[in-house]
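Summary of the model geometry
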Amino acid sequence: MREKGGRSSRGNTPEALRGMHTEAPEAGVPHVRNDMRDADLRLVLMDIYHRMYARFGDRHWWPAKTAEEVVIGAILVQSVAWSNVVKAIGQLRERGLLSLPAIHAASAETIEACVVPTRYYRVKAKKLKAFAAHVCERYGGDLERMFDQDAASLRSELLSIYGIGPETADDIVLYAAGKPSFVIDAYTKRIFARLGLVDEHVGYEPLRQWFMRHLPEDVALYNNYHALIDAIGHHYCAARRPQCRVCPLAPVCRHAATMPDESGAEETPPAPHRFHQ
Ligand code: SF4
């Protein structure tokens, strides 16, 4: 038997995680693990961070010069590759439209023409103009005035604006305002489900709260943690045919332990895990 929040009889090391499935969720309720002590989960999450960091280091996110550029990029990157966003931002910059007051003053057609590379360009232009209108009409176009509130209030306000969903709101809170809110994306769910730490159907908000409950509240850590997850997802953890043999998380990954070796047999379990100091 395992009590909620108590220790597993198999211990709390990532080796134990590899062989354990997350507990069966209540009917219809995707979940995160709750069978480890908070302190142990913090060690596991920090160990994962250090393994990613050892491979990729500081990712220096967000790739933008100003907070306005972060906001514009966060809205444009929805459902599209970053390379497309770079083209659209380049066109906005060329036409002197890389600011919220300029976007507010420009016609919808002008903004649409600039953001064509980001697909769904009419909707994206509408979202940009809605955000710009909000900041201009309520804060005189000054993002810093908008950001002068705590993270939870800011996030709530952002979610009230047309076109701003949870991931975009958290991108803005963390990368534009520099306040603590952990960003969840499809890579986060896939990787942490494969690691054996969360249910693959876990919802955005439960997963965000889980990270924030178990990680130190540290903006720089949240910043680079999400950026490193993105790097793992981009380089190794594809939806199909993940590159587990070269992934730095393989020694602590339940999915990697189930991958057949070249002879078709299951791989030998990895050497005992050692937490990074
Ligand atoms: S070891 Fe494989 S499944 Fe696990 S995170 Fe890395 S690429 Fe994804």
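Quantities reported herein were computed from a predicted structural model and do not represent experimental measurements.

Conventions we followed
Sequence order as written defines the numbering, with residues in each chain counted from 1. Whole-chain, interface and lining totals are the exception, using all residues; otherwise, since this is a predicted model, local features are given only for residues with pLDDT of at least 70 and side-chain atom pairs are given and counted only at 80 or more. Helix and strand definitions follow DSSP, with helices as H or I runs of at least four residues and strands as E runs of at least two, each counted in order from the N terminus. Residues are defined as contacting one another if the C-beta atoms placed from their backbone atoms lie within 7 Å. For every element, the axis is a line fit to its C-alpha atoms; helices are fit only across the contacting stretch, and the angle between N-to-C directions ranges from 0 to 180 degrees. Every angle not falling under 35 degrees, over 145, or within 65 to 115 is termed oblique; those three ranges are roughly parallel, roughly antiparallel and roughly perpendicular. Crossings are assigned a handedness: left-handed for a near helix turned anticlockwise from the far helix by less than a right angle, right-handed for a clockwise turn. We call Asp, Glu, Lys and Arg charged. Ala, Val, Leu, Ile, Met, Phe, Trp, Tyr, Cys and Pro are nonpolar, and the rest, Gly among them, are polar. For the exposure call, what matters is how many other C-beta atoms sit within 10 Å of a residue's own: 20 or more marks it buried, 12 or fewer exposed, and in between partly exposed, using C-beta atoms placed from the backbone. Should the C-beta atom of a residue, placed from the backbone, lie within 6 Å of a molecule or strand, that residue is near it. In these notes, a nonpolar core means any group of buried Ala, Val, Leu, Ile, Met, Phe, Trp, Tyr and Cys residues linked to one another through C-beta atoms within 7 Å. Those domain boundaries reflect an automatic or database domain assignment. The predictor attaches a confidence to each residue, and that confidence, scored 0 to 100, is pLDDT. One less than the number of residues in a helix, times 1.5 Å, gives the span that helix is expected to have.

This part is about the overall build of the protein chain. In terms of helices and strands, the protein chain carries 14 helices and zero strands. For the protein chain, the sequential pattern of α-helices and β-strands runs α-α-α-α-α-α-α-α-α-α-α-α-α-α. Intrachain contacts of the protein chain at a sequence separation of at least 6 include 64% that bridge at least 24 residues.

Turning our eyes to something else, we now look at the packing of helix α3 (residues 67–76) against helix α10 (residues 166–176). With their axes 9 Å apart at the nearest point, α3 and α10 run at an angle of 160° to one another. Taken together, α3 and α10 sit at an angle that is classed as roughly antiparallel. For α3 against α10, the interelement crossing comes out right-handed. The residues of α10 that touch α3, namely those facing A67, V70, V71, A74 and I75, are T168, D171, I172, Y175 and A176. When grouped by side-chain class, the residues that make up the contact of α3 with α10 number eight nonpolar, one polar and one charged.

Right, let's get into unusual backbone geometry. Here the residue pair W61 and W62 is connected by a cis peptide bond, since its omega of 5° sits within 30 degrees of zero. Note on placement: W62 falls in the loop between α2 (38–56) and α3. In the Ramachandran plot, R119 falls in the positive-phi region, its phi being about 55° despite a non-glycine side chain. Of note, R119 is situated in the loop between α6 (108–114) and α7 (121–139). A positive phi is found at R241, a non-glycine position, where the angle reads about 50°. For R241, the position within the fold is in the loop between α13 (219–235) and α14 (254–257). The class of R241 is exposed, set by 6 C-beta atoms lying within 10 Å.

What follows is about the site of the ligand. Not every one of the 14 residues close to the ligand is listed here, only the nearest: C237, P242, C244, C247 and C253. Elements supplying a minimum of two residues to the shell around the ligand: α11 (186–194) and α14. Residues belonging to the shell around the ligand are distributed by class as follows: eleven nonpolar, two polar and one charged.

Attention now moves to the environment of V86. When you line up the elements, V86 lands in helix α4 (residues 82–94). Sequence spacing of V86 and L76 is ten residues, and the spatial spacing of their C-alpha atoms is 9.5 Å.

This brings us to the packing of helix α9 (residues 151–159) against α10. Interhelical geometry of α9 versus α10 gives an angle of 135° and a closest axis separation of 9 Å. The orientation of α9 relative to α10 falls into the category oblique. In this structure, α9 crosses over α10, and the sense of that crossing is right-handed. For the pair α9 and α10, contact is made by A151, L154, R155, L158 and L159 and by P166, A169, I172 and V173, respectively. Within the contact of α9 with α10, the residues separate by chemical class into eight nonpolar, no polar and one charged.

Core analysis: the largest hydrophobic core is formed by 67 residues, its most contacted members being V71, I72, I111, L128, I172 and I232. If you count residues domain by domain, this core takes at least three from each of domain 1 (14–59 + 184–257) and domain 2 (67–176). The residues touching L128, leaving out its near neighbours within four places in the chain, are I72, I75, I103 and I111.

Here the focus is the confidence of the model for the protein chain. Per-residue pLDDT for the protein chain has a mean of 85; in total, 82% of the residues score no lower than 70. A low-confidence stretch, residues 1–30 stays under pLDDT 50, and its non-local contacts, those more than four residues away or across chains, total 44 contacts. Ignoring residues within four places in sequence, the model shows residues 262–277, a span with pLDDT below 50, making 18 contacts including any to other chains.

Between its first and last C-alpha, α13 extends 24 Å over 17 residues, near the 24 Å set by a 1.5 Å rise per residue. For α13, the complete set of buried residues consists of Y222, N223, N224, Y225, H226, L228, I229, D230 and I232. In the core, the buried residues of α13 are packed alongside α2, α10 and α11.

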